[in-house]
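Chain residues, written in single-letter form:
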Amino acid sequence: MEYKKLVELYQSIEATTKRLEKTYLLSEFLKSIPIEDITKITLLIQGKVFPVFDDRKLGVASRLVIKSLNKSMGISADRIEDEWKHTGDLGITAENLSKKKKQVTLFSQILSVSKVHSNLVKLASMIGSGTVSQKVGLISELLTSASPLEARYIVRTVLEDLRVGVGESVLRDAIVWAFFDDSIHVNYDSEKKNINPENRELYNAYVEAVQDAYNVVNDFAQVATIARLSGLKGLKSVHMEVGRPLKVMLYQKVQDIEEAFDRVGRPAAFEYKYDGFRVQIHKKSDGIFVFTRRLEEVTRQFPDVVDSIKKHVKGSSFVIDAECVGYDPKTKKYLPFQNVSQRIRRKYDIERMARDFPVEVNVFDVLSYEGESLIKSPFSERRKVIESMVSSVPFSIVPAKQLITDNVVEAKKFYEESLKAGEEGVMAKKLDGIYKPGSRVGYGVKVKPVMESLDLAIIGAEWGEGKRSGWLTSFGLACFDPESGNFLSIGKVGTGVKEKVELGVSFEQLTELLRPSIIGEKGRAVTIKPSVVVEVNFEEIQKSPTYSSGYALRFPRVGRIRDDRRPDECSDIELVKQLFSNQRGR
Ligand code: AMP
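Below, the discussion takes up the overall build of the protein. Broken down by element type, the protein carries 21 helices and 22 strands. The C-alpha atoms of the protein give 26 Å as radius of gyration, which agrees with the globular expectation for 586 residues (25 Å, within 12%). The principal-axis extent of the C-alpha atoms belonging to the protein is close to 75 × 70 × 55 Å. Scored against the burial criterion, the 586 residues of the protein give a buried share of 53%. Surface exposure of the protein reaches about 27,200 Å², of which carbon and sulfur atoms provide 49%. Of note, the protein has its 89 positive side-chain charges centred 3 Å away from the centre of its 81 negative side-chain charges.

A few words now on a positive patch on the surface. Together, K57, R294, R300 and K347 give the surface a local cluster of positive charge. Positionally, K347 belongs in the loop between α16 (337–341) and α17 (350–356). K347 sits in the exposed class, given a relative accessible area of 66%.

Another point: the side chain of T93. Looking at where T93 falls in the secondary structure, it is placed in helix α6 (residues 90–100). Here T87 takes part through its side chain, which lies 2.8 Å from a polar atom of the side chain of T93. Once you skip the residues sitting within four places of it in the chain, T93 turns out to touch I80, E83, W84 and T87.

Taken in spatial order, the 5 strands line up as β3-β13-β12-β4-β11 in an open sheet, and their pairing is mixed. Taken across any chain shown, the strands that pair with only one partner, and hence form the sheet edges, are β3 (252–254) and β11 (402–405). Sheet twist, expressed as the average angle between the axes of neighbouring strands with direction ignored, equals 30°. Note that strand β4 (residues 268–273) and strand β12 (residues 425–430) share 6 bridges and pair antiparallel. Bridging from a neighbouring strand, A269 pairs with K429 of β12. Against the sheet, helix α18 (residues 379–389) touches β4, β11 and β12, its axis set at about 50° to β4. Across the face of the sheet, helix α19 (residues 408–420) comes into contact with β4, β11, β12 and β13 (444–447) while running at roughly 15° to β4.

What follows deals with the domain arrangement of the protein. Assigned domains within the protein: domain 1 (252–447) and domain 2 (454–584). Taking only C-alpha atoms into account, the centre of domain 1 sits 34 Å from that of domain 2. With 8 residues of domain 1 at the interface, the matching set in domain 2 holds 6 residues. Around 580 Å² of area is buried between domain 1 and domain 2 when both sides are counted, 31% of it from carbon and sulfur atoms. In this structure, the salt-bridge partner of D275 is R554, at a minimum N-O distance of 3.0 Å. Contributions of two or more residues to the side of domain 1 that touches domain 2 are made by α16 and α19. Residues belonging to the side of domain 1 that touches domain 2 are distributed by class as follows: 2 nonpolar, 2 polar and 4 charged.

Moving on, we come to the packing of aromatic side chains. Here a ring pair, both rings aromatic, is described through the centre-centre distance and the interplanar angle of the planes. The final tally for this structure, using the stated rule, is 16 aromatic pairs. Seen from their ring centres, F277 and F302 are 5.2 Å apart, and the 45° between their planes marks the pair as tilted. With a gap of 25 residues between them, F277 in strand β5 (residues 277–284) and F302 in the loop between β6 (287–292) and α15 (303–312) connect regions that are remote in the sequence. The pair F277 / F302 is uniform in exposure class, with both members buried. Linked through ring pairs, Y24, W177 and Y188 together constitute an aromatic cluster.

Looking now at the side chain of H117. Here H117 lies in helix α7 (residues 113–125). Apart from residues no more than four positions distant in its own chain, H117 is found in contact with K40, L43, L44 and V49.

Residues in contact with the ligand amount to 13 residues; listed here are only the nearest, E271, R278, E323, K429 and K446. K429 has a polar side-chain atom sitting 2.8 Å from a nitrogen atom of the ligand. Within the side chain of K448, an N or O atom sits 2.9 Å from an oxygen atom of the ligand. Isolated, the ligand exposes 500 Å² of accessible area, and the fraction of that covered by the protein chains is 90%. Mapped onto the shell around the ligand, the elements with two or more residues apiece are β4 and β12. By residue number, the principal contributor to the shell around the ligand is β4, which donates 3 residues.

Conventions we followed
Residues numbered from 1 in each chain as written. Predicted model: local features only at pLDDT ≥ 70, side-chain atom pairs only at ≥ 80, totals over all residues. Heavy atoms only, no water. Helix = DSSP H or I, 4+ residues; strand = E, 2+ residues; numbered from the N terminus. Rg over C-alpha atoms; globule rule 2.2 N^0.38 Å. Buried < 20%, exposed > 50% of the residue type's maximum accessible area, 1.4 Å probe, protein only. Areas by Shrake-Rupley, 256 points an atom, 1.4 Å probe, with all protein chains shown as cover. Lys, Arg positive; Asp, Glu negative; His and termini not counted. Charge placed at Lys NZ, Arg CZ, Asp CG, Glu CD. Patch = residues over 30% accessible without salt bridge, like charges linked within 9 Å, V, L, I, M, F, W, Y side chains within 5 Å. Salt bridge = Lys/Arg side-chain N within 4 Å of Asp/Glu carboxyl O. Polar contact = N/O pair within 3.5 Å; in protein donor to acceptor, adjacent residues only side chain to side chain. Contact = heavy atoms within 4.5 Å. Pairing = 2+ DSSP bridges. Axes fitted to C-alpha atoms, helices over the stretch in contact; angles between N-to-C directions. Domains from an automatic or database assignment. Buried area = accessible area lost by both parts, 1.4 Å probe. Nonpolar A, V, L, I, M, F, W, Y, C, P; charged D, E, K, R; others polar. Phe/Tyr/Trp six-rings, centres within 6.5 Å; stacked < 30°, edge-to-face > 60°. Near = heavy atom within 4 Å.

In C-alpha cells:
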C-alpha cells in the first residue's frame with residue numbers, strides 16, 4: 001500500500017475529536033488493507049513499529065531528526081530549530097519546511113508502507129554511537145521522497161510520538177466494525193455521530209472477544225489478522241503463550257475494609273499491598289523472562305530475580321505475578337519503591353546494582369502452571385498452586401502474606417499490621433474470582449490511606465509542545481524555608497492540569513497567571529518568580545537528592561489554585577519533614 005493512503009487516514013483521524021468518527025474512519029480503512037500489509041499497518045496506525053513486548057527501540061532523539069531534515073532538505077539546523085520553536089512540533093516543522101524546500105529531488109520515489117516500516121525496523125537495529133550517520137541516512141532517505149504531509153508523520157513516528165489520537169478502545173471497536181459488520185450491520189450516522197448496530201448483544205460479544213484476545217496477545221496487529229482471517233472462532237481460541245507477556249489484572253480502590261468486603265464478598269483473602277514494582281515472570285524450557293507491568297522485558301536487569309526463581313520455585317513452565325520489594329542488604333530493612341526503581345532501566349553495572357539493591361519477590365498470583373492456563377480458575381485454587389510451587393525464602397522469594405477472613409475486626413488488624421510494616425495497605429481478593437487480564441473488574445480491590453496534600457509555589461515550567469504549544473506545562477514546585485526565606489524545590493507536576501478551562505485548573509489559566517512572573521528562559525525551560533500557589537495531592541513523600549528541599553513527591557497531582565495564599569505562606573519545609581516522618585511507620 002502507498003504510505004500516502006495511511007497518511008490521509010492519520011490526517012482525517014487527527015482532524016476529529018469524535019470517538020465514533022475516528023472509529024468509523026479507521027474501520028473503513030482496515031477493510032481496505034491488503035492482508036500482507038495488515039501487521040505493519042496496524043502497528044503504524046498506533047505509531048508503533050514493534051508490539052509492546054518486543055524490546056527493540058527506535059532510539060531516535062530530536063537532534064537526529066534535525067540532522068536528517070538538514071540532510072534531506074538542505075536547510076540549516078538553526079532554521080529548523082527556529083521553526084520548531086515556533087510550531088512546538090517537529091513533525092509540523094518538517095511539513096512546513098518541506099513545503100518551502102527549493103531543492104528539487106531528482107530520485108524521488110513513491111513511498112510505500114513497506115518501505116517506511118522497513119527503514120524504521122532497520123533504525124532499531126543500529127545501536128551505539130557509531131551509527132548516527134547510518135540512522136540519519138535511513139531517516140533522510142524517507143524524507144527525501146516524502147510529500148510535506150508524509151514528512152509530518154514520518155518525523156512523528158520516528159520520534160515515537162504520533163499523536164493522532166487512536167486509543168486502544170477505538171482500535172478495538174474499529175476491528176469489530178471492520179471485520180464483523182456482515183453480522184451486526186453497524187449503521188454509523190455521520191450526521192448525528194452515533195451508531196446503531198442491528199444486533200447490540202452480538203456487537204457487545206464481538207467487542208469483548210476482541211478485547212479478551214488483545215489482553216492475552218497484547219498486539220492489535222495479531223488480533224486484527226485473526227479477526228479478519230478466522231473470525232470469532234479464531235479470537236476465542238487465542239491462548240496465553242508462556243514467554244509472551246499478557247496484560248496484568250488491575251484493582252479498583254475502595255475506601256475501607258467494610259467496602260472491600262462488600263465488593264469481594266465474605267470470606268475474602270486479604271494480602272499485604274507491597275510497595276515495590278510489579279513483575280510478570282515467565283518460565284519455559286528455554287529460560288526465565290521478567291516483564292514489567294507495562295510489559296517491557298527486564299530480565300537482564302534482574303539476575304537476582306531469575307536466580308530466586310531458579311532456586312526456589314518448582315516447575316518447568318509457569319507464569320506468575322509478583323511484586324519486587326527492595327531491601328537494604330545490611331540492615332535487612334525494606335526500602336521504598338524509589339530505591340530499586342533505578343534498576344529497571346539500568347544498562348550497565350547490573351551485577352553491582354543487584355548486590356547493592358537486592359529485591360524480594362512477593363508472589364501474589366499464578367496464571368499458568370505446567371502447561372495449564374489458570375486464568376479461569378478461582379483465586380483460592382491459584383493461591384494453592386502458589387503455595388505448592390514457591391518455597392518461602394525471606395529476602396529471596398515468598399508467597400504474598402495472606403489472611404482469609406470474614407471478620408472486619410481481624411481484617412482491620414491485618415491492614416494496620418501491613419501499614420506498620422511500611423507497606424502501602426492491603427489488597428482484598430474474591431476467593432472465587434478469575435484472573436481477568438487488563439481490567440479493573442473488582443475481583444480484587446485495594447485499600448490504602450487517603451492522599452495527603454501540600455500547598456506549593458510554582459517556580460518553573462516548560463513551554464509545551466504539540467497540542468500544548470503556547471502553554472506552560474510541567475510545573476516546578478517549591479516549599480518555603482522560613483529560616484532562610486528561600487523557596488526549596490520539591491519536584492514537578494503536570495498531572496491534574498486540564499486542557500479545557502471548563503474542567504478545572506487549566507494550562508491556559510496557569511500560563512496567564514504565571515506569564516508576568518517569568519524571569520528567565522532557556523530553551524523550553526522557564527524560571528518563574530514565586531507568585532502562584534497550588535494545592536498538590538500526592539501519595540507519598542520521598543527523599544530525593546535532585547531537589548533542593550531534599551524531598552520529592554510520588555504521584556503529585558494539582559488540585560486547585562490557592563489564590564488565598566501568598567507564596568511565602570505556602571507549606572514550609574518543616575511540614576514536609578513532619579509528613580515524611582509520619583508516613584506509615586518509617
Ligand atoms: P495501584 O498501583 O495502587 O493501582 O495498586 C495495584 C498494585 O499493587 C499492583 O499492580 C501491584 O503492583 C501492587 N501489589 C502489591 N502487593 C500486591 C498483592 N498482594 N496483590 C496484588 N497486587 C499487589
